[in-house]
Amino acid sequence: LDSRGKDIVIQGSIRAEDSIIDAQGAARGFLITHGEPATLLIENLTIRNRFAAPTATGGPHGGGVYVADSSVKLRSCIIESCRTADGESGDTPTPGGDGGGIFGLNASVLLEDCRVRANVAGAGGSVTDYRLIPERGGHGGGLAAQGGEIVLRDTEFSNNQAGAGGMDLDGGSHADGGCGGALRIEAARVAVDQVRFRGNAAGTGGGGGNEDNYQGRGTGGHGGAINIADAGRVKVLSSTFIDNHAG
């Protein structure tokens, strides 16, 4: 669904579980890229089984929701079982897509009373020639932000997974796993208040080699719950972290 810059409210029934947008892995949930105002509201919806394809607008990022240079409020929503595309393999491998559930690029995003669960960022592209370098896994299994401002209130991130690093099947280098099982914050400002992080994991490092010449694995991703990069700023209040793991 493309909101096309409209100042609208997209509202389900009383419970998010009763209003489900399920693409069965065929397409992204919401595309918000036309300078939408802060009054754009998505409420009481389940966004499930969405997929960000490499050829889609916005590229392979944001399986459930993609927001760029715009604003959106998600209230009492469930974003679950969404994923971003794996990186392209071959002579010019690419990284896995970032933000399995939600991706924000210079965006203003508010999540309130939401559940973000079981979303996966894409794996990095692999190679079959030791002279080439495989690519990293996607960052931010639940949410990835590059620039902008993210506010999270009374929300839960559970069982989200950053992408695994790409493999070199010919025994060369190893690619690193994606960072931030729940959140990957890059040069963005984030406020976290009464948020529960449970069972999220950064990506595993990609393997190298083959049956005759195994070369180990790349470095696992950092930040089972939250990873902060490039001057990102995060303020956390009254939140819990349980059973989250680095890659």
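Everything that follows concerns the structure shown earlier in this document.
Our subject in this report is the structure included herewith. (Residues numbered from 1 in each chain as written. Predicted model: local features only at pLDDT ≥ 70, side-chain atom pairs only at ≥ 80, totals over all residues. Heavy atoms only, no water.)

Residues Leu-74, Leu-111 and Phe-157 are the most contacted members of the largest nonpolar core, which totals 33 residues. Of all the secondary-structure elements, those providing two or more residues to this core are β3 (30-32), β7 (65-68), β8 (71-75), β11 (102-112), β13 (143-153), β15 (183-186) and β16 (189-193). When residues no more than four places from it in sequence are discounted, the contact partners of Leu-74 are Ile-42, Ile-47, Val-65, Ile-79, Val-109, Leu-110, Leu-111, Glu-112 and Cys-114. In terms of nonpolar packing, the next biggest core, distinct from the first, is built from 5 residues, Tyr-66, Ala-68, Phe-103 and Ala-144 among them. (Core = buried A, V, L, I, M, F, W, Y, C linked by side-chain atoms within 4.5 Å. Buried < 20%, exposed > 50% of the residue type's maximum accessible area, 1.4 Å probe, protein only. Helix = DSSP H or I, 4+ residues; strand = E, 2+ residues; numbered from the N terminus. Contact = heavy atoms within 4.5 Å.)

For the rest of this paragraph, the subject is the packing of aromatic side chains. One pass over the structure, following the stated rule, counts 3 aromatic pairs. A ring pair is formed by Tyr-66 and Phe-103, whose centres lie 5.5 Å apart and whose planes are at 20°; its orientation type is stacked. Of this pair, Tyr-66 sits in strand β7 while Phe-103 sits in strand β11; the two residues are 37 residues apart in sequence, bridging distant segments of the chain. Of the two residues examined, Tyr-66 and Phe-103, each falls in the buried class. Between Phe-197 and Phe-241, the aromatic rings sit 4.7 Å apart at their centres with planes inclined by 10°, giving stacked as the arrangement. With Phe-197 in strand β17 (residues 196-198) and Phe-241 in strand β20 (residues 240-242), this pair connects stretches of sequence that are 44 residues apart. On the accessibility criterion, Phe-197 (1% relative accessible area) is buried. Using a relative accessible area of 42% as the deciding quantity, one classes Phe-241 as partly exposed. Here the aromatic cluster, defined as three or more aromatic residues joined through ring pairs, consists of Phe-157, Phe-197 and Phe-241. (Phe/Tyr/Trp six-rings, centres within 6.5 Å; stacked < 30°, edge-to-face > 60°.)

One pass over the full model with this rule turns up 12 salt bridges. For Arg-75, the salt bridge is made with Glu-43, and the minimal N-O distance between the two is 3.9 Å. With Arg-75 in strand β8 and Glu-43 in strand β4 (residues 41-43), this residue pair connects regions lying 32 residues apart in the sequence. For Arg-75, a relative accessible area of 28% translates into the label partly exposed. Notably, a salt bridge pairs Glu-112 with Arg-75, separated by 3.4 Å at the nearest N-O pair. Here Glu-112, found in strand β11, pairs with Arg-75, found in strand β8; they are 37 residues apart in sequence, far enough to count as distant. Salt bridges sharing common partners tie together Glu-43, Arg-75 and Glu-112. (Salt bridge = Lys/Arg side-chain N within 4 Å of Asp/Glu carboxyl O.)

So, about the pairing of strand β18 (residues 226-229). Side chains Asn-227 and Ala-229 project from β18 onto a buried face, and the interleaved Ile-226 and Ile-228 project onto a face without burial. Bridge count between β15 and β18: 4 bridges; the pairing is parallel. Residue pairing across strands places Ile-185 opposite Ile-228, the latter belonging to β18. (Pairing = 2+ DSSP bridges.)

The subject of this paragraph is the environment of Arg-217. Relative to the elements of secondary structure, Arg-217 occurs in the loop between β17 and β18. Each C-alpha atom of the pair Arg-217 and Gly-166 lies 9.8 Å from the other, and the pair is 51 residues apart in sequence. If near-sequence neighbours (up to four positions away) are discounted, Arg-217 is found in contact with His-174, Thr-204, Gly-205, Gly-206 and Gly-207.

This part covers the side chain of Glu-80. Residue placement: Glu-80 occurs in strand β9 (residues 78-80). Here the side chain of Glu-80 touches Arg-48 through a polar contact of 2.6 Å, side chain to side chain. Not counting the four nearest positions on each side in its chain, Glu-80 is found in contact with Thr-46, Ile-47, Arg-48, Asn-49, Arg-117 and Asn-119. (Polar contact = N/O pair within 3.5 Å; in protein donor to acceptor, adjacent residues only side chain to side chain.)

So, about the sheet that holds strand β2 (residues 20-22). Strand order in the open sheet formed by 7 strands is β2-β5-β9-β12-β14-β17-β20, with parallel pairing between adjacent strands. Here the strands that pair on one side only, and so sit at the sheet edges, are β2 and β20. Across this sheet, the average inter-strand angle for adjacent strands is 10°, counted without regard to direction. Taken together, the 3 bridges between β2 and strand β5 (residues 46-48) define a ladder with parallel strand orientation. Residue Ile-20 lies in a different strand from β5, and its bridge partner there is Thr-46. (Axes fitted to C-alpha atoms, helices over the stretch in contact; angles between N-to-C directions.)

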